[in-house]
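# Summary of the model geometry
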Amino acid sequence: MTCEKARSVHVVALAGDIDHTTAGTFRQALIPPGGSAPHTVVDFRKVTFMDSSGINILVAANNAVRSHGGSLRLAHTPTPVRDLLSIVGLDALIPVHPTLEDALAPPAAA
């Protein structure tokens, strides 16, 4: 997993499986360095599998950032991950974007 900060957005690029063996690493990766970025985007482009461990971490991360006025967005979710998010209804709580660029774009004005 790699992390980078861009325009007060914490970007987390994941690779491989997200399961009980990688849950701790995933959880740590979602914490912005110094807590400085209120918004987090998770790029799932290279994720091959995700189980309920990943779902639980995303729920906790979403709750944490929202409680501080931030946001969590997901990008490039492969079909199996997108299907899992849909089954548990998480795609209704956390915005899922087709590309990293879309997820990084500012929200459209209302």
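What you see is a predicted model, and the numbers here were worked out from it, not measured in a lab. Per-chain numbering applies: the sequence of each chain, read as written, is numbered from 1 onward. Only residues with pLDDT of at least 70 get local features here, since the model is predicted, and only at 80 or more are side-chain atom pairs given and counted; chain-wide, interface and lining totals rely on the full set of residues. Side-chain figures throughout are based on the complete set of non-hydrogen atoms in the structure, without hydrogens or water.

The next thing to look at is the environment of Asn63. Runs of E in the DSSP output that reach at least two residues are strands. Runs of H or I that reach at least four are helices, and both are numbered from the N terminus. By the secondary structure assignment, Asn63 is in helix H2 (residues 52-67). A 1.4 Å probe rolled over the protein chains alone gives each residue an accessible area, and that area as a share of the maximum for its type sets the label: buried under 20%, exposed over 50%, partly exposed in between. Residue Asn63 is classed as partly exposed on the basis of its relative accessible area of 48%. With 30 residues separating them along the chain, Asn63 and Leu93 place their C-alpha atoms 10.0 Å apart.

On to unusual backbone geometry, then. Within the chain, His76 stands out as a residue other than glycine whose phi angle is a positive 55°. Locating His76 in the fold gives a position in the loop between strand E4 (71-75) and helix H3 (79-87).

Okay, the nonpolar core next. Counting residues in hydrophobic clusters, the biggest one holds 22 residues, and the most contacted among them are Phe44 and Leu58. Elements represented by at least two residues in this core include exactly strand E2 (9-18), helix H1 (23-29), strand E3 (39-50), H2, E4 and H3. For this core, the leading source of residues is H2, giving 5 residues. Residue types Ala, Val, Leu, Ile, Met, Phe, Trp, Tyr and Cys, when buried and joined through side-chain atoms within 4.5 Å, form a set referred to as a nonpolar core. Judged by nonpolar contacts, the second largest core, of 7 residues, contains Val11, Val41, Ala75 and Leu104.

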